[in-house]
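Letter by letter, the chains look like this.
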Amino acid sequence: MNIRTKEESPAAAPTAPGNESEPGKEEIVSKVSPTTGSSTMTPEQVDFAARFANYEIVLKVSTKRICAPERNDDGTWFLPGCVLTINTRIEQIIVTASDGLDAVGLERIRVAVENFCAGRAWCAAFDKLKIRIDSSDGSEVFQTGWLGWTSDTKWLDRDGWRVTACTDDRCAETWHEYDDTTELGTPMVIHRSDTIKHLAGYELAMVRETAGPWKVEVEVASNELDVFVARSLCNDISWLAIECEKLNATEAVAA
């Protein structure tokens, strides 16, 4: 299986292409823990999961749903965790986590999906998969509502590493892990842009801390380089430094 990171209902009306993304916040949630009820799979469940054994597992973080306690109509609290989507057209199982979900929780969900695909275990979350048809090509899309946790009491602030969607257009990552925030509450993350990996043993990257200036990160495997590799290293550093200067100047003008 490549990693990037049930109950079948009757097919619903066709949906427009691209609508396999996460459900809206206003939609009914599936108040079920994403990893609760792990158990040995029935033959029918094994057959269903076998369809997706070679699908790529893709981890994403929502830009719409925050991992914060929400009050239910009955007075209990709901903490949104993730949405599961199986897209048969692109052969991917997409886990879309709520922004701020703890990193350990996301990893547990990933493992639960991996066990599902391998036919090892079935979680209650997979009972919430509903099928619809993509009108662009007639392919099947299976998706849950927002899975999460319910409690009679409101959750307190959590410590530890969490995940957040990346909003920096130049960053190569779509989401980050963080364990601290700025005074304004912004997650403190490391953005990485253009990267150069040289076979001679050095790696360069454009990086920035949260909203700070772009810099050049340098990693060299040896403290001795022959003249040709040294010249290449200097040229690459110079090129990335110029790119950093351009970006920093552009952002300074925009500010």
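Quick caveat: nothing in here was measured; it's all calculated off a predicted structure. (Residues numbered from 1 in each chain as written. Predicted model: local features only at pLDDT ≥ 70, side-chain atom pairs only at ≥ 80, totals over all residues. Heavy atoms only, no water.)

**Concerning a nonpolar patch on the surface**
Working step 1: A surface patch of nonpolar side chains, amounting to about 190 Å² of accessible area, comprises Val218, Val220 and Leu225.
Working step 2: Considering the arrangement of structural elements, one finds valine 218 in strand β12 (residues 215–220).
Working step 3: A relative accessible area of 38% means that valine 218 is categorised as partly exposed. (Patch = residues over 30% accessible without salt bridge, like charges linked within 9 Å, V, L, I, M, F, W, Y side chains within 5 Å. Areas by Shrake-Rupley, 256 points an atom, 1.4 Å probe, with all protein chains shown as cover. Salt bridge = Lys/Arg side-chain N within 4 Å of Asp/Glu carboxyl O. Helix = DSSP H or I, 4+ residues; strand = E, 2+ residues; numbered from the N terminus. Buried < 20%, exposed > 50% of the residue type's maximum accessible area, 1.4 Å probe, protein only.)

**Describing the pattern of salt bridges**
Working step 1: Under the definition given, this model contains twelve salt bridges.
Working step 2: Between glutamate 203 and arginine 192 there is a salt bridge, with the nearest N and O atoms lying 3.9 Å from each other. Taken together, the positions of glutamate 203 in strand β11 (residues 202–209) and arginine 192 in strand β10 (residues 190–198) put the pair eleven residues apart, joining distant regions of the chain.
Working step 3: Among the residues examined, glutamate 203 registers a relative accessible area of 24% and is labelled partly exposed.

**What about the confidence of the model for the chain?**
Working step 1: Confidence in the prediction for the chain averages 85 pLDDT; 86% of positions are at 70 or higher.
Working step 2: Low pLDDT, under 50, characterises residues 1–20; the predicted model gives this stretch 60 contacts beyond four residues in sequence or across chains. (pLDDT = per-residue confidence, 0-100. Contact = heavy atoms within 4.5 Å.)

**What to know about the nonpolar core**
Working step 1: Ranked by size, the top nonpolar core spans 36 residues in total, and within it Leu84 and Phe116 carry the most contacts.
Working step 2: Elements with a minimum of two residues in this core: α1 (43–50), β1 (56–66), β3 (77–87), β4 (92–99), α2 (103–117) and β8 (162–165).
Working step 3: Element by element, the count of residues in this core is highest for α2, at seven residues.
Working step 4: When neighbours within four sequence positions are excluded, leucine 84 is seen to be in contact with Ile94, Val95, Ile109, Val113, Ala125, Phe126, Leu129, Phe142, Gln143, Thr144 and Leu147. (Core = buried A, V, L, I, M, F, W, Y, C linked by side-chain atoms within 4.5 Å.)

**Looking at the pairing of β10**
Working step 1: Taken together, the seven bridges between β10 and β11 define a ladder with antiparallel strand orientation. Bridge assignment links arginine 192 to a residue of β11, and that residue is valine 207.
Working step 2: What sits between the antiparallel neighbours β10 and β11 is a turn of three residues, in which glycine 201 has the positive phi angle 115°. (Pairing = 2+ DSSP bridges.)

**Quick look at the layout of surface pockets**
Working step 1: Here the largest pocket is characterised by a volume of approximately 280 Å³.
Working step 2: Considering only residue class, the lining of the largest pocket consists of six nonpolar, six polar and five charged. (1 Å grid on protein atoms, 1.4 Å probe; cavity = no way out; pocket = protein on both sides within 12 Å on 5 of 7 lines; lining within 4 Å. Points joined across faces, edges and corners; volume = space filled by probe spheres on them. Nonpolar A, V, L, I, M, F, W, Y, C, P; charged D, E, K, R; others polar.)

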